[in-house]
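# Coordinate inspection notes
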2 protein chains.
Amino acid sequence: MRQDSHGPIGVFDSGIGGLTVLKALMARLPHERTLYLGDTARVPYGTKSSEVVTRYSLKNAEFLLERGIKLLVVACNTASAAALPALSATLPVPVLGVIEPGARAALKRTRGGGVGVIGTPGTIRSGAYQRALEAGQPHVSVKAKACPLFVPLAEEGWTTGDVPLLVAREYLAGFARDGVDTLVLGCTHYPLLKGVIAEVVGPGVSLVDSAEATAEAVAELLGARGLLAPESSTAPEHAYFVTDVPERFVEVGARFLGRPIPSAEQVDLRF
Amino acid sequence: MRQDSHGPIGVFDSGIGGLTVLKALMARLPHERTLYLGDTARVPYGTKSSEVVTRYSLKNAEFLLERGIKLLVVACNTASAAALPALSATLPVPVLGVIEPGARAALKRTRGGGVGVIGTPGTIRSGAYQRALEAGQPHVSVKAKACPLFVPLAEEGWTTGDVPLLVAREYLAGFARDGVDTLVLGCTHYPLLKGVIAEVVGPGVSLVDSAEATAEAVAELLGARGLLAPESSTAPEHAYFVTDVPERFVEVGARFLGRPIPSAEQVDLRF
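All values reported here derive from a predicted model rather than from experimental measurement.

A separate point is the UniProt feature "active site" (unreviewed entry) in chain A. Residue and element names in this part refer to chain A. Under the UniProt annotation, "active site" (unreviewed entry) lies at Cys 76 and Cys 187. Across 112 residues, the annotated set stays spatially compact, with a maximum C-alpha separation of 6.9 Å. Checked against the element boundaries, Cys 76 lands in the loop between strand E3 (71–74) and helix H3 (77–90). Every residue in contact with Cys 76, bar those within four places of it in the chain, is listed here: Phe 12, Asp 13, Ser 14, Tyr 45, Val 98 and Thr 188. For Cys 187, the position within the fold is in the loop between strand E7 (182–186) and helix H9 (194–201). Excluding its chain neighbours within four sequence positions, the residues that come into contact with Cys 187 are Asn 77, Ile 118, Gly 119, Thr 120 and Val 151.

If you want it as structure tokens, here you go:
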């Protein structure tokens, strides 16, 4: 398949979390059309096996590919950790996940004190961040921790106050003790909890959100391949697809995207 | 289809929560064979739409039906709330959910002070408990509240300590003020949080767990239809099926079932 610079960028996630990546993409590449698919009928991916997450990821990619995307962004850490090799091997368009850009950004940021990574059980279990960090800097000290309750807290909007603070303390107390100076928010939901996370780890720890790093990587790749959309005076189209009914996605998603989502189309994908 | 008293009882749930219902069934009906299906590739159901939950429920039922079950227990409040009419209309075997037995048990228990119901967003939004309670006693005062964070807390094993206590206070403070004297635990995960729930609502509020009420309803129905398994000196077989890899189900499920799960078979259901 020959890619066309006029095609949209495809983005998928298990649900709404990937909208934080889409937001960064829209800011960095304001002339690009985008198609976003949230697999809300099967969300979350973070507690599921790598096998099942890979199966779902291939089907999500197929749906977007049929709609003529020129590049695929896997805007979900769990899916990036589980399915990136399978997606890259199968798809006729370039595929970018969020893990490598996030790891590279963390390595630029650390002052040698070690890098912490937090994510879903699936992401942490996969060891994908640990591998990406060590590939970039073999002697870096990495400490990884799964924080399964952060996703439901962010989804429910419990992002400030005693409950998230207590949960964050439970998960993150070890990072300060271990001398980590950089912490990767390895799940697209976690930027919503940045406030309490920062409070717990303290001002000496720099937080890395892979959304911006991923948007930068997409811009570089499109530029290098001559696939950047031509500049235009009219705003590009952004379309949203979901596998469950769209109401909650449209409502909660606006908090993640930082702008209203006019509508989302429910598609009946079965896999 | 003619039911045979030798057939197993089929039980399905979105994941592991329904094992609390299976546990009550095994205690009440020790001679019955059971087949349990946990749809762990799509868990949880509580945050999904009634439309999608109904689609999944019909497919789960079909799988069990093909294995010769004589009766189906929908061991998930969300699926009972969304799909019981569709299941009863479609299936050639009797179908029992957890909501009606739970509501009846609550009406027997209340001393006129009003009944509270807690459950997933899907269960509460459906109004199924509210309808079942009002059908049994038209003037009962019902107060319902969705508690979405209880499921991840129970799944993660955070059932005691400050975090679940604080979350329970946030959700349940209103029940004491409203003079509720009976509280239905309208989600199969919630019995694991009974300790903190009881602490927050106080000794004046009686907690109703629908698992035992459902087991009693199953025993009555099988008895009335002459479908009870003949007594035997050998222990009956219990088989477990899951749609994602079985490791976590076997491990965490034992906590819900109150006995070890020797093994579970992964089945590749796609819907």
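From this point, the narrative continues.
In this assembly, 31 residues from chain B lie in contact with 31 residues from chain A. Surface buried jointly by chain B and chain A totals about 2,600 Å² across both partners, of which 63% is contributed by carbon and sulfur atoms. Viewed at the interface, chain A and chain B are joined by 2 salt bridges. In this structure, Arg 55 of chain A and Asp 268 of chain B form a salt bridge, with 3.1 Å as the shortest nitrogen-oxygen distance. Run the count over chain B and chain A and you get 10 residue pairs in polar contact (both at pLDDT 80 or more). Top contributing element to the side of chain B that touches chain A by residue count: helix H8 (residues 162–177) of chain B, with 6 residues. For the side of chain B that touches chain A, the per-class residue count stands at 17 nonpolar, 4 polar and 10 charged.

Residues and elements named next belong to chain A. Estimates place the volume of the second largest pocket at around 330 Å³. Looking at the second largest pocket, it is lined by 16 residues, and the ones nearest its centre are Ser 80, Leu 84, Ile 99, Glu 100 and Ala 132. Mapped onto the lining of the second largest pocket, the elements with two or more residues apiece are H3, strand E4 (95–96), helix H4 (99–109) and helix H6 (128–136). Of the residues forming the lining of the second largest pocket, the biggest block, 5 residues, is contributed by H6. Grouping the amino acids of the lining of the second largest pocket by side-chain chemistry returns 10 nonpolar, 3 polar and 3 charged.

All right, on to unusual backbone geometry then. Residue Pro 44 of chain A is bonded to the preceding Val 43 of chain A through a cis peptide linkage, with omega at -5 degrees. Secondary-structure assignment places Pro 44 of chain A in the loop between strand E2 (34–38) and helix H2 (50–65).

Summed over the entire model, instances satisfying the criterion amount to 18 salt bridges over all chains. The residue Glu 216 of chain A makes a salt bridge to Arg 28 of chain A at a minimum N-O spacing of 2.8 Å. Highlighted residues: Glu 216 of chain A in helix H10 (residues 210–224) and Arg 28 of chain A in helix H1 (residues 19–28), separated in sequence by 188 residues. A relative accessible area of 37% places Arg 28 of chain A in the partly exposed class. In this structure, Glu 155 of chain B and Arg 248 of chain B form a salt bridge, with 3.2 Å as the shortest nitrogen-oxygen distance. With Glu 155 of chain B in helix H7 (residues 150–156) and Arg 248 of chain B in helix H11 (residues 247–257), this pair connects stretches of sequence that are 93 residues apart.

Take the sheet that holds strand E5 (residues 115–119) of chain A next. Residue and element names in this part refer to chain A. Taken together, 4 strands build an open sheet; the order of strands is E6-E5-E7-E8 and the sheet is parallel. Edge positions in the open sheet fall to strand E6 (142–146) and strand E8 (206–209), since each of these has one partner strand only. For this sheet, the mean angle separating the axes of adjacent strands, direction not counted, is 20 degrees. Pairing of E5 with E6 involves 5 bridges; the strand directions are parallel. Looking at E6, one finds that Val 117 is bridged to Ala 144. Where H9 meets the sheet, it contacts E5, E7 and E8, and its direction lies at approximately 150 degrees from that of E8. Its contacts with the sheet put H10 on E7 and E8, and the angle it makes with E8 is roughly 50 degrees.

Residue and element names in this part refer to chain B. Contact geometry for helix H4 (residues 99–109) and helix H6 (residues 128–136): axes closest at 9 Å, N-to-C directions at 50 degrees. It follows that H4 is oblique to H6 by the angle criterion. In this structure, H4 meets H6 at a crossing whose hand is right-handed. For the pair H4 and H6, the contacting residues are Ile 99, Ala 103, Ala 106 and Leu 107 in the first and Ala 128, Tyr 129, Ala 132, Leu 133 and Gly 136 in the second. Here the residues of the contact of H4 with H6 are counted per class, giving 8 nonpolar, 1 polar and no charged.

Further remarks concern the relation of the copies chain B and chain A. Superposition of the two copies of the chain requires a rotation about an axis together with a shift along that axis. The transform that puts chain B on chain A rotates by 180 degrees and translates by 0.0 Å along the axis, for an RMSD of 0.0 Å. The two molecules are tied by a two-fold rotation axis, judged by turn and shift.

With that settled, the discussion passes to the UniProt feature "binding site: substrate" (unreviewed entry) in chain A. Residues and elements named next belong to chain A. If you check UniProt for "binding site: substrate" (unreviewed entry), the listed places come out as Asp 13, Ser 14, Tyr 45, Gly 46, Asn 77, Thr 78, Thr 188 and His 189 in our numbering. Maximum C-alpha separation among the annotated residues is 12.3 Å over a sequence range of 177 residues, consistent with a single clustered spot. By the secondary structure assignment, Asn 77 is in helix H3. Residues in contact with Asn 77, not counting those within four places in the same chain, are Val 98, Ile 99, Thr 123, Tyr 129, Gly 186, Cys 187, Thr 188 and Ser 210. Relative to the helices and strands, Thr 188 is located in the loop between E7 and H9. In contact with Thr 188, not counting residues within four places along its chain, are Asp 13, Gly 17, Gly 18, Thr 20, Val 21, Ala 75, Cys 76 and Asn 77. A polar contact is formed between the side chain of Thr 188 and the backbone oxygen of Gly 17, at a distance of 3.4 Å.

Right, let's talk about the environment of Val 201 of chain B for a bit. Residue and element names in this part refer to chain B. Along the polypeptide, Val 201 turns up in helix H9 (residues 194–201). Sequence separation of Val 201 and Asp 181 is 20 residues, and the distance between their C-alpha atoms is 9.3 Å. Not counting chain neighbours up to four residues away, the residues in contact with Val 201 comprise Leu 172, Leu 183 and Leu 207.

On to the domain arrangement of chain A. Residues and elements named next belong to chain A. Segmenting chain A into domains produces domain 1 (9–97 + 212–266) and domain 2 (99–210). On a C-alpha basis, the centroid separation for the pair domain 1 and domain 2 is 22 Å. The interface is formed by 24 residues belonging to domain 1 together with 24 residues belonging to domain 2. A buried area of about 1,700 Å², summed over both sides, lies between domain 1 and domain 2, and 53% of it is on carbon and sulfur atoms.

Turning our eyes to something else, we now look at the packing of aromatic side chains. In the structure shown here, the tally under the stated rule is 18 aromatic pairs over all chains. Between Phe 63 of chain A and Phe 241 of chain A, the ring centres sit 5.2 Å apart and the planes meet at 75 degrees, which makes this aromatic pair edge-to-face. Here Phe 241 of chain A lies in strand E9 (residues 238–242) and Phe 63 of chain A lies in helix H2, a separation of 178 residues in the sequence. A single burial state applies to Phe 63 of chain A and to Phe 241 of chain A, both of which are buried. Plain terms: the ring middles of Phe 150 of chain A and Tyr 190 of chain A are 5.2 Å apart, the flat faces sit at 90 degrees to each other, and that makes the pair edge-to-face. Linking Phe 150 of chain A in helix H7 (residues 150–156) with Tyr 190 of chain A in the loop between E7 and H9, this pair joins segments that are 40 residues apart in sequence. In terms of burial, Phe 150 of chain A and Tyr 190 of chain A fall into one category: buried. Ring pairing ties together the aromatic residues Phe 150, Tyr 171 and Tyr 190 of chain A together with Trp 158 of chain B, which thus form one cluster. Sitting over the face of the ring of Tyr 56 of chain B, Arg 42 of chain B holds its NZ or CZ atom 5.5 Å from the ring centroid. Against the face of Phe 241 of chain B rests Arg 67 of chain B, its NZ or CZ located 5.9 Å from the ring centre.

Calculation criteria
- Residues numbered from 1 in each chain as written.
- Chains lettered and ligands numbered in written order.
- Predicted model: local features only at pLDDT ≥ 70, side-chain atom pairs only at ≥ 80, totals over all residues.
- Heavy atoms only, no water.
- UniProt positions renumbered as here; feature names shortened; annotations may be inferred.
- Helix = DSSP H or I, 4+ residues; strand = E, 2+ residues; numbered from the N terminus.
- Contact = heavy atoms within 4.5 Å.
- Buried area = accessible area lost by both parts, 1.4 Å probe.
- Salt bridge = Lys/Arg side-chain N within 4 Å of Asp/Glu carboxyl O.
- Polar contact = N/O pair within 3.5 Å; in protein donor to acceptor, adjacent residues only side chain to side chain.
- Nonpolar A, V, L, I, M, F, W, Y, C, P; charged D, E, K, R; others polar.
- 1 Å grid on protein atoms, 1.4 Å probe; cavity = no way out; pocket = protein on both sides within 12 Å on 5 of 7 lines; lining within 4 Å.
- Points joined across faces, edges and corners; volume = space filled by probe spheres on them.
- Buried < 20%, exposed > 50% of the residue type's maximum accessible area, 1.4 Å probe, protein only.
- Pairing = 2+ DSSP bridges.
- Axes fitted to C-alpha atoms, helices over the stretch in contact; angles between N-to-C directions.
- Parallel < 35°, antiparallel > 145°, perpendicular 65-115°, else oblique.
- Left-handed = near helix turned anticlockwise from the far one by under 90°.
- Least-squares fit on C-alpha atoms with pLDDT ≥ 70 in both.
- Domains from an automatic or database assignment.
- Phe/Tyr/Trp six-rings, centres within 6.5 Å; stacked < 30°, edge-to-face > 60°.
- Lys NZ or Arg CZ within 6 Å of the ring centre and 35° of its normal.

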